[in-house]
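Listed below are the residues making up each chain.
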Amino acid sequence: MAVDLSYSDHVRDLIARTEQFIRDEVLPIEDAHGGDIAAAGGDAIRADLQKAAKAAGVFAPHAPIEYGGHGLNMSDRAPVFEAAGYSLFGPTALNIAAPDEGNVHMLAHIASDEQKQQFLAPLAAGDVRSAFAMTEPAPGAGADPNALNTRAEKVSGGWKINGRKHFITGADGAGFFIIMARTSGEPGQRGGATMFLAPADTAGLKVGRHINTLDRSMIGGHCEVDFEDLFVPDSAVLGEVDQGFAYAQVRLGPARMTHVMRWLGAARRGHDTAVRYVAEREGFGSRLGDLGMIQKMIADNEIDIAATRALLVQACWELDQGSHASNATSIAKTFAAEAIFRIVDRSAQMCGGLGVSEDLPIARLTREVRPFRVYDGPSEVHRWAIAKRAVGAVRKAAREAAK
């Protein structure tokens, strides 16, 4: 089958307009506040940036057309999201930041018509933010989702949820939560999870402290969240009971790839900054860009950028074909998370003292991209899954041959 790597006129135009919008409207605000979204004004600056993005015609490229978006598939999102990610505030401006972007994607695929009107429509429009509450303190769900400990008990007319979550991105100020809770089985067992929708002001839902992390560009923090006898009606079930882990795959694979898209844009900014610097900076009798060791770092960055894009294209194509693309997304996510960090780290090294200062954006980029090797599954977990699939495929082939 032929692979078409071209983009439509609409997508090319959207890429160009996004690049201009980021350059003219967003980068000056990011630079003025050192990439710290809270220092820039939090939800107030989000509202201003999103208003400007709507005026520029670049808002919500991923959202369904009927909800005010551009309706792009995964493959077409890649260059647009990369262009937005060139600024740490760009994804927030276009309403494609985590976790809202992934929640829009999942709600569009799973939610009932009534749930779409209540939750998806305002989220896609940027009227509210959201949070996805799955990760728990030990011994609960983290890299191993089967350890899910938060429990939902069936009661008359609905469900009562009890449990504790942490590292819930965007929880402070979110308008609603998508909650993953166990409805059957015991922690450690596969399956038995259900997703529930709950407005943030529901009695029994409490957002606690912000867990202080390296990154500063994700609005609403990474918070502890407690559920104490939180009642939600039967209509709050997202999808079907006990199918939460299956539905999570609708979100997680694409969300890993959109993270790659955004952070690749950030890494490219670091690389561009470093190349501009070494092209002119003189030392040791020549310009730094003419020295072999610097040229190796530049070349290695270019290779990592190209390889990340190639793996991203493959994974997005598989997702667009309707596949879960579990292996392709694990490979792309693992490689990209480490390559993106290498790109930014080399960029800092090329710029010397300026590379670790606030005079250039590279230091803040280092701070932001390092957690990606943990977020959406640590690299070690993805490597384990990739290896497990490879060994399993060999054993399956051997069994088939023996029949």
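What counts and what doesn't
Residues numbered from 1 in each chain as written. Predicted model: local features only at pLDDT ≥ 70, side-chain atom pairs only at ≥ 80, totals over all residues. Heavy atoms only, no water. Salt bridge = Lys/Arg side-chain N within 4 Å of Asp/Glu carboxyl O. Helix = DSSP H or I, 4+ residues; strand = E, 2+ residues; numbered from the N terminus. Buried < 20%, exposed > 50% of the residue type's maximum accessible area, 1.4 Å probe, protein only. Phe/Tyr/Trp six-rings, centres within 6.5 Å; stacked < 30°, edge-to-face > 60°. Lys NZ or Arg CZ within 6 Å of the ring centre and 35° of its normal. Expected span 1.5 Å × (residues − 1). Bend = angle between axes of the 7 residues up to and from the residue. Contact = heavy atoms within 4.5 Å. UniProt positions renumbered as here; feature names shortened; annotations may be inferred. Domains from an automatic or database assignment. Buried area = accessible area lost by both parts, 1.4 Å probe. Polar contact = N/O pair within 3.5 Å; in protein donor to acceptor, adjacent residues only side chain to side chain. Nonpolar A, V, L, I, M, F, W, Y, C, P; charged D, E, K, R; others polar.

Looking at the pattern of salt bridges
Summed over the entire model, instances satisfying the criterion amount to 24 salt bridges. In this structure, glutamate 30 engages arginine 269 in a salt bridge whose closest nitrogen and oxygen atoms are separated by 2.9 Å. Note that glutamate 30 is positioned in helix α1 (residues 9–32) and arginine 269 in helix α8 (residues 244–280), a separation of 239 residues in sequence. With respect to class, glutamate 30 is no different from arginine 269; both count as buried. Residue arginine 164 is joined to aspartate 226 by a salt bridge in which the shortest nitrogen-to-oxygen separation is 2.6 Å. Of this pair, arginine 164 sits in strand β3 (residues 158–169) while aspartate 226 sits in strand β7 (residues 222–233), and the two are 62 residues apart along the sequence. Here arginine 164 falls in the partly exposed class, since its relative accessible area comes to 42%. Residue classification places aspartate 226 among the partly exposed positions, given a relative accessible area of 22%.

Comments concerning the packing of aromatic side chains
Applying the stated rule across the entire model yields two aromatic pairs. Cation over ring: lysine 154 sits above tryptophan 159, and NZ or CZ is 5.6 Å from the ring centre. The lysine or arginine in question, lysine 333, covers the ring of phenylalanine 372, its NZ or CZ lying 4.8 Å from the ring centre.

Remarks on α1
Helix length check: α1, at 24 residues, gives a terminal C-alpha distance of 34 Å against a target of 34 Å (1.5 Å per residue), a fit within 8%. Of all the bends in α1, the greatest, near 45°, is centred on valine 26, and the proline proline 28 appears no more than four residues after it. If you check which residues of α1 are buried, you get Val11, Leu14, Ile15, Thr18, Phe21, Ile22, Val26, Leu27 and Glu30. In this structure, the buried residues of α1 make contact with α3 (43–56), α4 (74–85), α5 (90–93), α8 and α11 (362–369).

Here we look at helix α12 (residues 379–402)
Taking 1.5 Å per residue, 24 residues should reach 34 Å; α12 reaches 35 Å between its end C-alpha atoms and fits that length. Ser379, His382 and Ala385 are the residues of α12 that are buried. Those residues of α12 hidden inside the fold are in contact with α8 and α10 (326–350).

Things to note about the UniProt feature "domain: Acyl-CoA dehydrogenase/oxidase C-terminal" (unreviewed entry) in the protein
The sites that UniProt annotates as "domain: Acyl-CoA dehydrogenase/oxidase C-terminal" (unreviewed entry) are residues 242–390. Strand forms 3% of residues 242–390 and helix 74%; the C-alpha atoms that close the span are 29 Å apart.

A short note on the domain arrangement of the protein
Along its sequence, the protein is organised into domain 1 (9–97), domain 2 (130–242) and domain 3 (245–402). For domain 1 versus domain 3, the distance between C-alpha centres works out to 21 Å. Listed per partner, the contact involves 20 residues of domain 1 and 24 residues of domain 3. For the pair domain 1 and domain 3, the summed buried surface comes to about 1,700 Å²; carbon and sulfur atoms form 56% of the total. It is Met74, Glu82 and Tyr86 that lose the most area in domain 1 upon contact with domain 3, and together they represent 42% of the buried surface on that side. Linking domain 1 to domain 3 there are six salt bridges. Residue glutamate 30 pairs with arginine 364 through a salt bridge whose shortest N-O separation is 2.7 Å. Our count for the domain 1 to domain 3 interface comes out at twelve residue pairs in polar contact (both at pLDDT 80 or more). Among the elements of the structure, α1 and α4 are those that each provide at least two residues to the side of domain 1 that touches domain 3. Among the elements that line the side of domain 1 that touches domain 3, the one with the most residues is α4, at eight residues. Looking at the side of domain 1 that touches domain 3 residue by residue, the classes come out as ten nonpolar, five polar and five charged.

Topic: the UniProt feature "domain: Acyl-CoA oxidase/dehydrogenase middle" (unreviewed entry) in the protein
UniProt feature "domain: Acyl-CoA oxidase/dehydrogenase middle" (unreviewed entry): in the numbering of this structure it lies at residues 131–229. In the segment residues 131–229, helix accounts for 0% and strand for 48%; the C-alpha atoms at its two ends are 19 Å apart.

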